[in-house]
Amino acid sequence: MTVHDETGLPGDRRFFNRAGPFNITVLAEKAEAEVKAGPDAPSGLALHGVAPLQAATAAEVSFLDNRRYLPLLTATRAGAVIVTPAFADKVPPHCTALVTKNPYLAWARVATLFHPRRSVRPGIHPTASVAETALIGRDVEIGPFAVIEDGAKLGDQVVISAHSVVGAGVHIGRDSRIGAHVSLEYSLIGERVIIYPGARIGQDGFGFAVGPSGFEAVPQIGRVIIEDDVEIGANSTIDRGSMRDTVIGAGTRIDNLVQIGHNAMLGKCCIVVSQAGISGSTELGDFVTIAAQAGLIGHIKIGAKARIGAQCGVMSDVDAGADMIGSPAMPFREFFRNVAWVRKATKKDMEKKEAGSTPPVSEKPAI
Amino acid sequence: MTVHDETGLPGDRRFFNRAGPFNITVLAEKAEAEVKAGPDAPSGLALHGVAPLQAATAAEVSFLDNRRYLPLLTATRAGAVIVTPAFADKVPPHCTALVTKNPYLAWARVATLFHPRRSVRPGIHPTASVAETALIGRDVEIGPFAVIEDGAKLGDQVVISAHSVVGAGVHIGRDSRIGAHVSLEYSLIGERVIIYPGARIGQDGFGFAVGPSGFEAVPQIGRVIIEDDVEIGANSTIDRGSMRDTVIGAGTRIDNLVQIGHNAMLGKCCIVVSQAGISGSTELGDFVTIAAQAGLIGHIKIGAKARIGAQCGVMSDVDAGADMIGSPAMPFREFFRNVAWVRKATKKDMEKKEAGSTPPVSEKPAI
Amino acid sequence: MTVHDETGLPGDRRFFNRAGPFNITVLAEKAEAEVKAGPDAPSGLALHGVAPLQAATAAEVSFLDNRRYLPLLTATRAGAVIVTPAFADKVPPHCTALVTKNPYLAWARVATLFHPRRSVRPGIHPTASVAETALIGRDVEIGPFAVIEDGAKLGDQVVISAHSVVGAGVHIGRDSRIGAHVSLEYSLIGERVIIYPGARIGQDGFGFAVGPSGFEAVPQIGRVIIEDDVEIGANSTIDRGSMRDTVIGAGTRIDNLVQIGHNAMLGKCCIVVSQAGISGSTELGDFVTIAAQAGLIGHIKIGAKARIGAQCGVMSDVDAGADMIGSPAMPFREFFRNVAWVRKATKKDMEKKEAGSTPPVSEKPAI
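Keep in mind that what you see is a predicted model, and the values were worked out from it rather than measured. Per chain, residue numbering runs from 1 following the sequence as it is written. Chain letters start at A and ligand numbers start at 1, both assigned in the order the entries are written. Confidence filtering applies because this is a predicted model: local features only for residues at pLDDT of at least 70, side-chain atom pairs given and counted only at 80 or more, and all residues used for totals across whole chains, interfaces and linings. Excluded from the side-chain calculations are hydrogens and water; all other atoms, namely the structure's heavy atoms, are used.

**Some words on the interface of chain A and chain B**
At the junction of the two partners, chain A supplies 85 residues and chain B supplies 74 residues. Accessible-area loss on putting two parts together, using a 1.4 Å probe and summing over both, is the definition of buried area adopted here. In total, about 6,100 Å² of surface goes out of reach between chain A and chain B, with carbon and sulfur atoms giving 63% of it. In terms of surface lost to chain B, no three residues of chain A exceed A:Ile221, A:Met243 and A:Trp341, which account for 13% of the buried area on that side. Salt bridge criterion: a side-chain nitrogen from Lys or Arg within 4 Å of a carboxyl oxygen from Asp or Glu. At the boundary of chain A and chain B, one finds three salt bridges. Residue contacts are counted whenever heavy atoms from the two residues lie within 4.5 Å of one another.

See below:
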């Protein structure tokens, strides 16, 4: 079977809303961009959609924010292209440039204009199980087989997708959207929060004491607090606190398959990329970035705007603004300097030995 | 919206049971601790709950087991504090010390007294789908939309939460609790086991042979055996065996997002921390600890009480009691000695070069 | 409770189908193997099942493909054993050898003969929620509480297990099987695809722009394309594309807890082992292997047949056929040479210092 269709263009009408057309001036306003029409560009240009540079036609708008794709810009047939001032004169003559210092943000807004997020479809699916004591706001959408337990509270225009479970007493602020198969317990969730399918929020933290006949559970009597505008990726897990709350600061973005341990506190607008893990009681300042597969030990503090690289293993506090990488974590420059030095020194040693007819260091490690 | 409430104290009454008050002698007995009242402490002290040192009032009991929080102890207003003998004389005069060699275990028991685990609520939710051939014990709780397939067998007082699927023929021992959205297939599960939301137990292992026109599946005809008192974290996955069983030994604790491959055998009371992975056919002795994000290759043996550090990559057998870290894994001391030596040697080389006006080693690695 | 049963043999009748007995010649044909009966082997041998070498009886067939288990072969009581030509003469006299160059493939086929995959049970469970506009093929099986949304299309003999959600417009090709608790959105799925429980396919990619008051979402208007014969492991996540499709090439095998970022493109017959992560827009050629817990940065290309080792961190393009390991990634030989050299040099330095009575390098790193 061929599952690809002919075009491969974005915005497949089977899946996505489509608005428009929009005049170039409407797009420019939305994008906070300046219009610079090429010498051969039509006036009163109307755009019907978005497309990548290599596929766009005269009816579509595209964008460039990465120098490596510059050849695609000069060859594009797009009607309009969002670019930085540096690339404005590289736009072909038939094309209109939308010039802005932040083309990716402009792109986000223009693409959202053409493909707006789907609207809330108010109503409770007949198969959903909603407790009588639950408080349901106005224009709430509750999908098939969703479970809303006693005392849960949903703000206006909240969306609860198919099969999600909102545990007893959980609050969800207005305009938040919960994907399919999510479980929420012991949690207070802010406004405009998005939780993707399969995320697990509020279960017991990993806490136990060593008793005479095995491990004994330590009650986990804190909650999970998710502030406004947070997003949490698919199949990620956030444990509730043991003695205080686990807190995700406003605006923070968490990717898929991330683990957040009990009592962790993340600041505002942090970014935590896929498969990273933050151990219990660790605290992040605002605007901290944790790259993919990085791991943070428990009970440490990461200063504001610090950046933790992919696969980094952080075992102690990190200063604000620091760039760390490696396992154990080191400043970015030092880590790569060490790597380069070891490579060079090993090679030199090999060459010396070969020259002196000494057998080379075994390639099979002893481990 | 403010999702935090004013106090942030543990034990939010919307979410947690609360028992008590309890007399200090009751707590001391439960904690197996000795009562040492301060000179200004009231007699016949009754405690109403638990709280952290910095928030506790005269009606609450707190605990200290980490030297770094000692300043909080001397300043606390708590009515009672659980401490080790070493800290007993640091407790303020108004306060009663509960002195024990194992304060964390004592804390687990005292906190459980105030916040007991929620009781089983016997009954089958009307929306659950229970096969006629399933054997259901006494006082079992089955939540909304749960599925119990043919020939499944649930012991007394088992809890199956919303949306979980207990596959055909699966056995679950008494007093076990299965969280929401769990799937169980081809598995035999012991008593007092806890499985957290979204865990996947018993699916096919990752096994295939290379055939002339692509991969061909190898039937996975073993099971998953989970012995008594095991806990398995949210969204963790345990594949069933191919030719023998995958076995999780009694009392073992597995955290969130852990992967256990087919035919793996874990001993008793092992600890496997978040995002660690154990490949197929690998065997762990008793009391092995695998820290977060560590990975074990397949077909190796880890001796009893060995400790595998965070992000460690283990490619060969590990002796009982060994402490390993690094990727590839090395003894703990050797790994950190190597790291320290490379840092020092690289720095020395840099300084020498700078002194001799040679351009420094490039900071951008060749890779 | 004892959850183990007496035998521990594979193929527990409570869980697995069982066919047979089969004559040795039928097995040989299926296995594309040559029959070499031992001097004391019975003629007209009929086999009733499969078992490991150490447990097999005269009625069972076993196999050996790893030299390390050779002692088990010489001691086995199995009626027949699948082996390579090199081991054919090591089979005991009472036993019949099935000789083939690819014993693991032969094993896959023979074991499948005895334990065939369970058949489709056509029918829609009465609790399932199927949209009127969904197109359902012949002999489709839809389990309890499954949700099939508007415009979804299921090919003949598709299986949708309990609690899975097939989103609006999603296509699934014939003979594909979707496990329990899977969510599928914005996806086109080929034939004979298997998706294991809890996988999340088609949710928004991790894309946002930095705006003046926080992050702003970038619409993700691509899809997920899963070609024929792909398998996707439990709790793995595959995000849909932002501007183009995320594509998983035909025959590719993805293990549990794997993350595939938006716009990633995997070639044919790739293998991606547990907990590995492939960042956005990265492209894999055909027959690429990514071992467990490896991570690939975004926007790079991995050449055909390259092998990326466990926990490897790949930050740049990799040539076809290359063997890479380490973080940052290096050629396999170079990585282990570096590790060996550092271990040796550190040890030498330690010894020199000890000899000269200089205090040793601190074992506690500065970090």
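And the narrative resumes.
**A closer look at the relation of the copies chain A and chain B**
For the pair chain A and chain B, the best superposition has an RMSD of 0.0 Å and corresponds to a rotation of 120° with a translation of 0.0 Å parallel to the axis. Taken together, the rotation and translation describe the operation of a three-fold axis. We place the copies in one frame by least squares, fitting the C-alpha atoms of every residue whose pLDDT is at least 70 in both.

**Considerations on the confidence of the model for chain A**
All names here are of chain A. Predictor confidence is given residue by residue as pLDDT, running from a minimum of 0 to a maximum of 100. Taken over all residues, the pLDDT of chain A has a mean of 93, while the share at 70 or more is 95%. The model gives residues 358–367 a pLDDT under 50, and that stretch makes 19 contacts with residues more than four places away or in other chains. This prediction of the complex comes with two scores: 0.95 for pTM and 0.94 for ipTM.

**A closer look at helix α3 (residues 103–114) of chain B**
Residue and element names in this part refer to chain B. Under the 1.5 Å per step criterion, the end-to-end length of α3 is 16 Å for twelve residues, consistent within 8% with the ideal 16 Å. When accessible area is computed with a 1.4 Å probe and restricted to protein chains, residues below 20% of their type maximum are described as buried, those above 50% as exposed, and intermediate ones as partly exposed. Runs of H or I in DSSP of at least four residues are treated as helices and runs of E of at least two as strands, each being numbered from the N terminus. Counting buried positions along α3 yields ten of twelve residues, so the element is predominantly enclosed. Buried within α3 we find Pro-103, Leu-105, Ala-106, Trp-107, Ala-108, Arg-109, Val-110, Ala-111, Leu-113 and Phe-114. Given the number of residues in a helix, its expected span is that number minus one, multiplied by 1.5 Å.

**Re the sheet that holds strand β4 (residues 49–50) of chain A**
Residue and element names in this part refer to chain A. Strands are treated as partners if at least two bridges between them are detected by DSSP. Read across the open sheet, the five strands follow the order β2-β7-β6-β5-β4; overall the sheet is mixed. Single-partner strands in this sheet number two, and they are β2 (34–37) and β4. Where β4 and strand β5 (residues 60–63) come together, two bridges link them in parallel fashion. In the strand pairing of β5, Gly-49 is matched with Glu-60. With axes taken as lines fitted to C-alpha atoms, and helix axes fitted only over the stretch in contact, angles between N-to-C directions fall between 0 and 180 degrees. Of the strands in this sheet, β2, β5, β6 (80–83) and β7 (96–99) touch helix α1 (residues 24–31), which is tilted by about 20° from β7. Along the sheet, helix α3 (residues 103–114) makes contact with β4, β5 and β6, crossing β5 at roughly 155°.

**Points about the interface of chain C and chain A**
Taken together, the contact pairs 85 residues of chain C with 74 residues of chain A. In this assembly, chain C packs against chain A so that about 6,100 Å² is buried in total across both faces, 63% of it on carbon and sulfur atoms. When the buried surface of chain C facing chain A is broken down by residue, C:Ile221, C:Met243 and C:Trp341 rank first, second and third, together holding 13% of it. For the interface between chain C and chain A, the tally reads three salt bridges. Across the pair C:Glu216 and A:Arg109 runs a salt bridge whose closest N-O atoms are separated by 2.6 Å. Any pair of N or O atoms that falls within 3.5 Å is considered a polar contact. Within protein, one atom must be able to donate a hydrogen and the other to accept it, and sequence-neighbouring residues count only if both atoms are side-chain atoms. One can count 27 residue pairs in polar contact (both at pLDDT 80 or more) joining chain C with chain A. Mapped by element, the contributors of at least two residues to the side of chain C that touches chain A are β19 (187–189), β22 (208–211), β23 (214–217), β24 (224–226), β40 (330–331) and α4 (332–355) of chain C. The leading source of residues in the side of chain C that touches chain A is α4(C), at ten residues. Amino acids outside the nonpolar list (Ala, Val, Leu, Ile, Met, Phe, Trp, Tyr, Cys, Pro) and the charged list (Asp, Glu, Lys, Arg) are all regarded as polar, and Gly is one of them. Its residues placed into classes, the side of chain C that touches chain A shows 38 nonpolar, 31 polar and 16 charged.

**A short note on the packing of helix α4 (residues 332–355) of chain A against helix α4 (residues 332–355) of chain B**
Between α4(A) and α4(B), whose axes approach to 9 Å, the crossing angle comes to 85°. Classified by the interaxial angle, the pair formed by α4(A) and α4(B) is roughly perpendicular. Together, A:Glu334, A:Arg337, A:Asn338, A:Trp341, A:Val342 and A:Lys344 of α4(A) and B:Trp341, B:Val342, B:Arg343, B:Ala345, B:Thr346, B:Asp349, B:Met350 and B:Lys353 of α4(B) make up the contact between the two elements. The class makeup of the residues in the contact of α4(A) with α4(B) is six nonpolar, two polar and six charged. Note on terminology: angles under 35 degrees are roughly parallel, angles over 145 are roughly antiparallel, angles of 65 to 115 are roughly perpendicular, and the others are oblique.

**Observations concerning the domain arrangement of chain A**
An automatic or database domain assignment provides the domain bounds reported here. We note that the domain assignment places domain 1 (22–114) and domain 2 (123–330) within chain A. The gap between the C-alpha centroids of domain 1 of chain A and domain 2 of chain A is 38 Å.

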